[in-house]
Amino acid sequence: MTTLTTATPRRPRPRCSFQGAALGVAAWLAGILFVLPILWLVLTSFHSEADAATNPPSLAASLTLDSYREFFGLAGGASPWPALINSTTASVVSTLLTLVLALPAAYALSIRPVKKWTDVLFFFLSTKMLPLVAGLLPIYLFAKNTGLLDNIWALVILYTAMNLPIAVWMMQSFLSEVPVAIIEAAQIDGARLPTILGRVVAPIALPGIAATSLICFIFSWNELLFARVLTGVVAETAPVFLTGFITSQGLFLAKVCAASLVISLPVLAAGFAAQDKLVQGLSLGAVK
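On a predicted model such as this, the values are computed, not experimentally measured, just so you know. (Residues numbered from 1 in each chain as written. Predicted model: local features only at pLDDT ≥ 70, side-chain atom pairs only at ≥ 80, totals over all residues. Heavy atoms only, no water.)

## Examining the nonpolar core
Our working rule: Only buried Ala, Val, Leu, Ile, Met, Phe, Trp, Tyr and Cys residues count toward a nonpolar core, and they belong to the same one when joined by side-chain atoms within 4.5 Å. Exposure is judged per residue with a 1.4 Å probe applied to protein chains only, and the accessible area is read against the type maximum: over 50% gives exposed, under 20% gives buried, and values in between give partly exposed. A run of H or I in DSSP counts as a helix once it spans at least four residues, and a run of E counts as a strand once it spans at least two, with each numbered from the N terminus. Between two residues, a contact is recorded if the distance between any of their heavy atoms is within 4.5 Å.
One finds Tyr107, Met171, Leu175, Ile183, Ile196 and Val201 to be the most contacted residues of the largest nonpolar core, which totals 25 residues. Residue assignment for this core shows that the elements contributing at least two residues are α4 (81-110), α7 (152-175), α8 (180-188), α9 (193-204) and α10 (206-222). If near-sequence neighbours (up to four positions away) are discounted, leucine 175 is found in contact with Leu103, Ala106, Tyr107, Ser110, Ile111, Val201 and Ala205. Grouped together as the second largest cluster of nonpolar side chains are 17 residues, Ala83, Phe217, Phe241 and Ala258 included.

## Description of the packing of aromatic side chains
Aromatic ring pairs are defined here through the distance separating the ring centres and the angle between the ring planes. Cut-off, in case you're wondering: Planes of paired rings set the category: under 30 degrees apart is stacked, over 60 is edge-to-face and the rest tilted, where pairs are Phe, Tyr or Trp rings (Trp by its six-membered ring) whose centres lie within 6.5 Å.
Within the structure shown, the criterion is met by seven aromatic pairs. Judged by centre distance (5.8 Å) and plane angle (75°), the rings of phenylalanine 71 and phenylalanine 241 are edge-to-face. Taken as a pair, phenylalanine 71 in helix α3 (residues 66-71) and phenylalanine 241 in helix α12 (residues 238-243) lie far apart in primary sequence, 170 residues in all. Taken individually, phenylalanine 71 and phenylalanine 241 each receive the classification buried, so the pair is uniform in this respect. Taken together, the aromatic side chains of Phe71, Phe72, Trp81, Phe241 and Phe245 make up a single cluster linked through ring pairs.

## Focus: the side chain of serine 67
Of note, serine 67 is situated in helix α3. With residues up to four places along the chain from it excluded, the contact list for serine 67 reads Ser45, His47, Glu49, Ala254, Lys255 and Ala258.

Interpretation note: all reported values are geometric properties and have no functional meaning in isolation.
As structure tokens, then:
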């Protein structure tokens, strides 16, 4: 008579606690290295110019709001609000125009692909390989001859053209995850292309659209080269206003830190508000 023996289940090998602790310490060190410059910028913005310029810097220096008063024009300087309004207008309007133009293009390249659509995507991406300085003179001459110098709408058109290739590239990958059966069902019900894009495709690809819009907004808000050359007083943007604090005297570190912090707040607020959609959009299609 034979006896049946059952195999003893193999216990999972315990993970090395030392390895996990080392990875945790490395993650904390990497996080501190990323956050430390920002904390240093915040601290320097509350110092006086004399304390901010000391070498080595003094951590125990007295705190003051003089740099913020000067930035907001409370000490007799220029007001930053026109520059902030110009940056908001150029960034928001150009982002909306980019999304309106990129959504149909991405739909044509993903859900209803055209012939040689990969070549089209490569052409879009190749336009980002041109150095910005190479196109500075032709764009300046065009703006000068058309009367668009120091005009905020010139920046809106320029930012839209600059962000459109990367927006089409990103949204093409997002829209390729939309089930074709849903679109075909909407077509059977008589829905036309604008209805399909607005009521079927856009809600499904909302995380990807949010990620694309945030990227375009950040690129437009931080752009400096063309804003510096094409604007003067009327259409001056926030980054251009920031460079005005750099003087030949050398005592500008605290004011630049305060201005950098204030100008960075809209981008940080937008990223924090859309962080869940950003993570969903950037990871869309990564897990099947």
